[in-house]
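The residues making up each chain are set out below.
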Amino acid sequence: MDTLSSIGLDKTKSKELADLMNDLLANYSVFYQNTRGYHWNIKGKKFFELHIKFEELYNDLFIKIDEVAERVLTLGGIPNHAFSKYQTQSEIKESGEVNDGDNAVKQILDAFSTLIKKQRVILDLSAEIADEGTNSLMSDYIREQEKLVWMYSAFLD
């Protein structure tokens with residue numbers, strides 16, 4: 001019985017990784033839509049600064065959503081695409097209308113905390129099975145997001 005995938009990874013562990021990546025995809029998708037809402041609805045003295053920052057963030061999330069979905073496919077899985085499934089699966093929940101900048105930034109920081117924790121689990125499993133592609137992707141995401149956590153936290157101080 002062939003236990004290796006077409007990219008040379010254990011099929012069982014690859015399925016486990018693809019499932020974790022689908023969970024990550026759900027969280028990214030809800031976070032993306034929340035961030036668009038922050039961008040559209042922000043008001044107040046910090047409008048210009050945050051409006052631009054939120055647009056930068058949702059553009060980056062859009063790219064990451066595609067990369068995560070494509071990695072699910074590479075691992076032999078099928079990326080979920082139903083937003084109704086994202087809403088039930090995602091630990092990051094849909095936010096209501098948020099027009100206060102500090103509140104939006106706090107919700108962004110909470111979302112990053114969730115993503116980083118999930119990505120560390122994926123990082124560990126991908127390292128365990130020598131999946132350099134997934135490992136590299138998660139490592140890059142974590143590094144970028146740790147810096148954004150620092151920057152958004154500094155904004156609130």
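Values in this document were obtained by computation on a predicted structure and should not be read as measured data.

Observations regarding the side chain of H39
Next, step 1: As for its position among the elements, H39 is in helix 1 (residues 11–41).
Next, step 2: With a relative accessible area of 6%, H39 lands in the buried category.
Next, step 3: Here the side chain of H39 touches H51 through a polar contact of 2.8 Å, landing on its backbone oxygen.

What to know about the environment of A104
Next, step 1: Looking at the element boundaries, A104 is found in helix 4 (residues 101–128).
Next, step 2: Relative accessible area serves as the criterion here: at 0%, A104 is assigned to the buried category.
Next, step 3: A C-alpha to C-alpha distance of 9.1 Å links A104 and N34, two positions 70 residues apart in sequence.
Next, step 4: When neighbours within four sequence positions are excluded, A104 is seen to be in contact with Y38, F54 and V98.

Let's talk about the pattern of salt bridges
Next, step 1: By the definition in use, this model includes 12 salt bridges.
Next, step 2: Notably, a salt bridge pairs E144 with K64, separated by 2.6 Å at the nearest N-O pair. On the criterion of sequence distance, the pair formed by E144 in helix 5 (residues 132–156) and K64 in helix 2 (residues 47–74) is long-range, its members being 80 residues apart.
Next, step 3: Look at the salt bridges and you will find they share partners, linking K13, E16 and E128 into a network.

What to know about the packing of helix 2 against helix 4
Next, step 1: Two elements in contact, helix 2 and helix 4, have axes separated by 12 Å at closest approach and are oriented at 25 degrees. Taken together, helix 2 and helix 4 sit at an angle that is classed as roughly parallel. Between helix 2 and helix 4 the crossing geometry is left-handed. Where helix 2 approaches helix 4, its residues L50, F54 and L57 are matched on the opposing element by G101, A104, V105, I108 and F112.
Next, step 2: Split into classes, the residues belonging to the contact of helix 2 with helix 4 amount to seven nonpolar, one polar and no charged.

Cut-offs and rules
- Every chain's residues receive numbers from 1 upward, in the order its sequence appears when written.
- Totals for whole chains, interfaces and linings use all residues, but because this is a predicted model, local features are given only for residues with pLDDT of at least 70 and pairs of side-chain atoms are given and counted only at 80 or more.
- For the side-chain quantities, the full set of heavy atoms in the structure was used; hydrogens and water were omitted.
- Here a strand is any run of E in DSSP of at least two residues, a helix any run of H or I of at least four, and the numbering for each starts at the N terminus.
- Burial status follows relative accessibility: with a 1.4 Å probe on protein chains alone, a residue under 20% of its type maximum counts as buried, one over 50% as exposed, and anything between as partly exposed.
- What qualifies as a polar contact is a pair of N or O atoms within 3.5 Å, subject to a donor-acceptor requirement within protein and to the restriction that residues adjacent in sequence count only when both atoms come from side chains.
- By definition, residues are in contact when any of their heavy atoms lie within 4.5 Å.
- Here a salt bridge means any side-chain nitrogen of Lys or Arg lying within 4 Å of a carboxyl oxygen belonging to Asp or Glu.
- Only the stretch in contact is used when a helix axis is fitted, and all axes are lines through C-alpha atoms; the angle between N-to-C directions ranges over 0 to 180 degrees.
- Here the angle decides the label: under 35 degrees means roughly parallel, over 145 means roughly antiparallel, 65 to 115 means roughly perpendicular, and every other value means oblique.
- For a crossing to be left-handed, the near helix must be turned anticlockwise from the far one by less than a right angle; the clockwise case is right-handed.
- Under the convention adopted here, Pro, Cys and the residues Ala, Val, Leu, Ile, Met, Phe, Trp and Tyr are nonpolar, Asp, Glu, Lys and Arg are charged, and Gly plus all remaining residues are polar.

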